[in-house]
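# Working through the structure, step by step
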Amino acid sequence: MVFQDFDIIQERRRQERQRKLKKRLIIALVAIFVIAGIAAAGALAFISMKNSSKKSEKNKSDDNSKADDTPSPSFGEGASEFIKSFCEISTFKDYCANTIGKTLEENPQSATQPKELVKSFITKTTDELDKAFTKASTFELKTDVERKAFDVCKEVMANAKEELQSSVDRVGTIEPGKLPSNGDLNTWLSAVMSYQETCIDSFPDGPLKNDFRTTLNSSQVYTSNSLAMVRQLSSLMTLGKEKPPAKRRLLQTKFPLLAKGGYPSWFNHEERRLLKEADDDKKPIPNVTVAQDGSGNFRTINEALAAVPQKYGGRYVIYVKAGIYDETVIVPKKMVNLTIFGDGSQKSIITGAKNFVDGFPTYQTASFVASGPGFIAKSMGFRNTAGPDKHQAVAARVDGDRAIFLNCRFEGFQDTLYTQTHRQFYRSCVIAGTIDFIFGDATVVFQNCLIYVRKPNDNQKNIVTAQGRKDKLETTGIVIQNSKILPEEPFKPLAKQFKNYLGRPWKVYSRTIIMETLIEDFIDPAGWLEWEGDFALSTLFYGEFNNTGPGARTDGRVKWAGRRDINREEAQKYTVETFLKGTWVKEAGAPVRMGLGS
């Protein structure tokens, strides 16, 4: 697939923008030459100075643990101004300045090469990650739970290093005036931050978890600075030109779904219509077929995955005939552009029952895992049947970049769908659960979905979302658009006996937007629930726009600074076109609304 962004604008506007751009280029180029001259002179002065240093004031991370005690060097006047400008948006300005200073000392010419500065930050992040993991490997693991948690750490740290290397490689290919399309760098570095949090979260509360948090703090600081530098690089490389939010109202494209369905008997006509969007008789030609009765190429999905060629040009398609497949299915990261489609989300079902109570970290409880970039699932069901007593029990975990799920169903209780990292799109899906049942730190949009709240245990509350954005510069968040948030039919008579909320902040910069969505009256008027005390209440962002239904009234909502009704202009920032840079969704042939509704 080709992944690019295309701005469709009128010719007259295009010509007017070109004239303005030429003027800006002239002004900006003059400014850059001036700054470069000052920076280079300052860098030379900096090298010639005696490297006197003093203890820098230590920045604190979100959990109030400290990074390393590396002192900030003294800079020449020109270099200092350059560094101050470059580190302006960084959360950890001292460590940002220190890294740039060392880079200038080793390579003065990097003052005129922003790409080299950005690469130095990402490389430093890798170095810090290696140091942290080397230290963590010496920790004593006393229980099976701790050993499983460390296995998670090894896996996600390997993923993080791969993303960092990809980021370094991508920065090196940037040409003057051009940037990678679709925000790859922001996406990959956001994933690096999330992977480190996943490692920490895999351990049960206690001293060992705290040790891992402290050990990884320095690498998280440098990940944050790398995100900041990528943001600044964008500014320098595009000479201050930002892409304006789209103002067109785009109609959805049409694409035939793949199967008739398997809808629950209690779906009404409107709900069936929402999930059934086009022709039922058109299916892609599969490379292989999985059938439990022996009528296909394989009897299990894992056998089919094991037979996928290591190098395959194009999209590899696996057709899963109706049946309940009780197997843990993992689509690995190396398996790119894979499609799995079934006979309906209530017919072709992957199921499992791993859970937290039985000794598995949340990360390892998933019945299905999609890690391969460009993954597509259609007309499939994913279940975790552990039940509400078993706490965290994931039906599907997704960390593959540009993942698409169409007409799929996710069933569980606590932590049903783990949207872990990268860019994801869900269309005409059903997600059912109780506590935090849509959670993670991906950049994800749910469109035309049915979100069902189920009956929890008697002492539990229901929370639809728990978004896990750790750093304010991450480009992640959960967006629910043109969907329905409803009590599951068996839960309807009891729904008002329980507290039901739209979301709560899993991490300090949690971000969730609900727009153009029907919200039934079982949702508590407060709308949102705190995680613990005042944690994240001053840093989260929860936006609501143009929702309908009795549960959509916002006059009784919590009064947190970050919870607010947003206007159309701000809501546009969270559409598929803008938030996901979603041309890749259209090019995959998925039905999608790129912008807002009417």
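Residues numbered from 1 in each chain as written. Predicted model: local features only at pLDDT ≥ 70, side-chain atom pairs only at ≥ 80, totals over all residues. Heavy atoms only, no water.

Applying the stated criterion to the full structure yields two disulfides. Each disulfide pairs two cysteine sulfurs, and for Cys87 the partner residue is Cys96, the sulfurs being separated by 1.9 Å. Judged by the torsion about the S-S bond (-85 degrees), the Cys87/Cys96 disulfide is left-handed. One exposure class covers both Cys87 and Cys96, and it is buried. (Disulfide = S-S within 2.5 Å. Buried < 20%, exposed > 50% of the residue type's maximum accessible area, 1.4 Å probe, protein only.)

Our focus in this paragraph is the sheet that holds strand S11 (residues 381-384). Pairing in this open sheet of eight strands is parallel, and the strands run S5-S8-S11-S14-S17-S20-S23-S26 from one edge to the other. If you trace the sheet from one side to the other, it starts and ends with strand S5 (323-326) and strand S26 (518-519), each paired once. Sheet topology places strand S14 (residues 409-411) next to strand S17 (residues 430-433); three bridges connect them, and they run parallel. Bridge assignment links Phe410 to a residue of S17, and that residue is Ile431. (Pairing = 2+ DSSP bridges. Helix = DSSP H or I, 4+ residues; strand = E, 2+ residues; numbered from the N terminus.)

If you trace the backbone, Val558 turns up in the loop between strand S27 (541-545) and strand S28 (563-565). With relative accessibility at 16%, the residue Val558 sits in the buried group. Not counting residues up to four positions away in its chain, the partners in contact with Val558 are Ala526, Trp528 and Arg563. (Contact = heavy atoms within 4.5 Å.)

Moving on, we come to the pairing of S11. Across four bridges, the pairing between strand S8 (residues 348-352) and S11 is parallel. In the sheet register, Gly352 faces S11, and the bridge partner there is Asn384. Sheet topology places S11 next to S14; three bridges connect them, and they run parallel. Within S14, the residue paired with Arg383 across the bridge is Glu411.

This part takes up the nonpolar core. Core analysis: the biggest nonpolar cluster contains 61 residues, and Ile318, Phe368, Phe382 and Phe405 have the highest contact counts within it. In contact with Ile318, other than residues within four places in its own chain, are Val288, Val290, Ala304, Leu305, Val308, Leu338, Thr339, Ile340 and Phe341. Counting residues in hydrophobic clusters, the runner-up holds 45 residues, among them Phe139, Val168, Ala191 and Val192. (Core = buried A, V, L, I, M, F, W, Y, C linked by side-chain atoms within 4.5 Å.)

What follows is about the layout of surface pockets. Taken as a whole, the second largest pocket holds about 1200 Å³ of empty space. Going through the elements one at a time, helix H6 (184-201), helix H7 (207-237), strand S18 (435-440) and strand S21 (462-467) are the ones with two or more residues in the lining of the second largest pocket. Top element by residues in the lining of the second largest pocket is H6. It accounts for five residues. Classifying every residue of the lining of the second largest pocket by side-chain character gives 16 nonpolar, 10 polar and 15 charged. (1 Å grid on protein atoms, 1.4 Å probe; cavity = no way out; pocket = protein on both sides within 12 Å on 5 of 7 lines; lining within 4 Å. Points joined across faces, edges and corners; volume = space filled by probe spheres on them. Nonpolar A, V, L, I, M, F, W, Y, C, P; charged D, E, K, R; others polar.)

The residue Arg402 is located in the loop between strand S12 (396-398) and strand S13 (403-406) in this model. We classify Arg402 as buried; its relative accessible area is 12%. Polar contacts involving the side chain of Arg402 include one to the side chain of Asp184, which spans 3.2 Å. (Polar contact = N/O pair within 3.5 Å; in protein donor to acceptor, adjacent residues only side chain to side chain.)

Here the focus is the environment of Thr421. Turning to its location among the elements, Thr421 is positioned in the loop between strand S15 (417-419) and strand S16 (423-427). Residues contacting Thr421, with those up to four places away along its chain left out, are Ala191, Ser194, Tyr195, Val398, Asp399, Asp441 and Ala442. Within the local environment of Thr421, its side chain forms a polar contact with the backbone oxygen of Asp399, the two atoms lying 3.4 Å apart. Within the local environment of Thr421, its side chain forms a polar contact with the side chain of His422, the two groups lying 3.0 Å apart.

Before going further, it helps to spend a moment on the packing of helix H4 (residues 114-136) against helix H5 (residues 144-172). Orientation of H4 relative to H5, taken along the N-to-C sense of each, is 165 degrees, at an axis distance of 10 Å. Comparing the axis directions of H4 and H5 gives the class roughly antiparallel. As for how H4 packs across H5, the hand of that crossing is left-handed. Residue-level contacts link Lys115, Val118, Lys119, Ile122, Thr123, Thr125, Thr126, Leu129, Asp130, Phe133 and Ala136 of H4 to Phe150, Cys153, Lys154, Met157, Ala160, Lys161, Leu164, Ser167, Val168, Val171 and Gly172 of H5. (Axes fitted to C-alpha atoms, helices over the stretch in contact; angles between N-to-C directions. Parallel < 35°, antiparallel > 145°, perpendicular 65-115°, else oblique. Left-handed = near helix turned anticlockwise from the far one by under 90°.)

Taken as a whole and assessed by the stated rule, the structure comprises 22 aromatic pairs. When the ring of Phe368 is compared with that of Phe382, the centres are 4.7 Å apart and the planes differ by 35 degrees; the resulting orientation is tilted. Pair noted here: Phe368 is in strand S9 (residues 368-370) and Phe382 is in strand S11, with a separation of 14 residues, a long-range link. Phe382 carries the same exposure label as Phe368, and that label is buried. Between Tyr542 and Trp560, the aromatic rings sit 6.5 Å apart at their centres with planes inclined by 50 degrees, giving tilted as the arrangement. Of this pair, Tyr542 sits in strand S27 while Trp560 sits in the loop between S27 and S28; the two residues are 18 residues apart in sequence, bridging distant segments of the chain. Here the two residues Tyr542 and Trp560 agree in accessibility, since each one is buried. (Phe/Tyr/Trp six-rings, centres within 6.5 Å; stacked < 30°, edge-to-face > 60°.)

Before going further, it helps to spend a moment on the confidence of the model for the protein chain. In this model, the protein chain carries an average pLDDT of 82, and 76% of its residues clear a pLDDT of 70 or more. A low-confidence stretch, residues 238-275 (pLDDT under 50), is modelled with 105 contacts involving residues beyond four sequence positions or located in other chains. (pLDDT = per-residue confidence, 0-100.)

With parallel pairing, 11 strands are arranged side by side in an open sheet as S3-S4-S7-S10-S13-S16-S19-S22-S25-S27-S28. At either end of the open sheet lies a strand with only one pairing partner, and these are strand S3 (288-290) and S28. Strand-to-strand twist in this sheet, taken as the mean axis angle between neighbours without regard to direction, amounts to 10 degrees. With three bridges connecting them, S27 and S28 associate as parallel partners. Counterpart to Tyr542 in the pairing with S28 is Arg563.

With phi around 60 degrees, His391 is a residue other than glycine that occupies positive phi space. Structurally, the position occupied by His391 is in the loop between S11 and S12. Non-glycine residue Glu516 carries a positive phi angle of around 55 degrees. Here Glu516 is to be found in the loop between strand S25 (511-515) and S26.

Between its terminal C-alpha atoms helix H3 (residues 93-106) stretches 20 Å, which fits the 20 Å expected from 14 residues at 1.5 Å a residue. Inspection of H3 places Tyr95, Cys96, Ala97, Asn98, Thr99, Ile100, Gly101, Thr103 and Leu104 among the buried residues, and these make up the whole buried set. (Expected span 1.5 Å × (residues − 1).)

Taken N-terminus to C-terminus, the directions of H5 and H6 make an angle of 160 degrees; their axes are 9 Å apart at the nearest point. Of the possible angle classes, the one that applies to H5 and H6 is roughly antiparallel. For H5 against H6, the interelement crossing comes out left-handed. Facing H5, whose interface residues are Val152, Cys153, Val156, Met157, Asn159, Ala160, Glu163, Leu164, Ser166, Ser167, Arg170 and Val171, H6 presents Asp184, Leu185, Trp188, Leu189, Ala191, Val192, Tyr195, Gln196, Thr198 and Cys199. Of the residues that constitute the contact of H5 with H6, the class distribution is 14 nonpolar, five polar and three charged.

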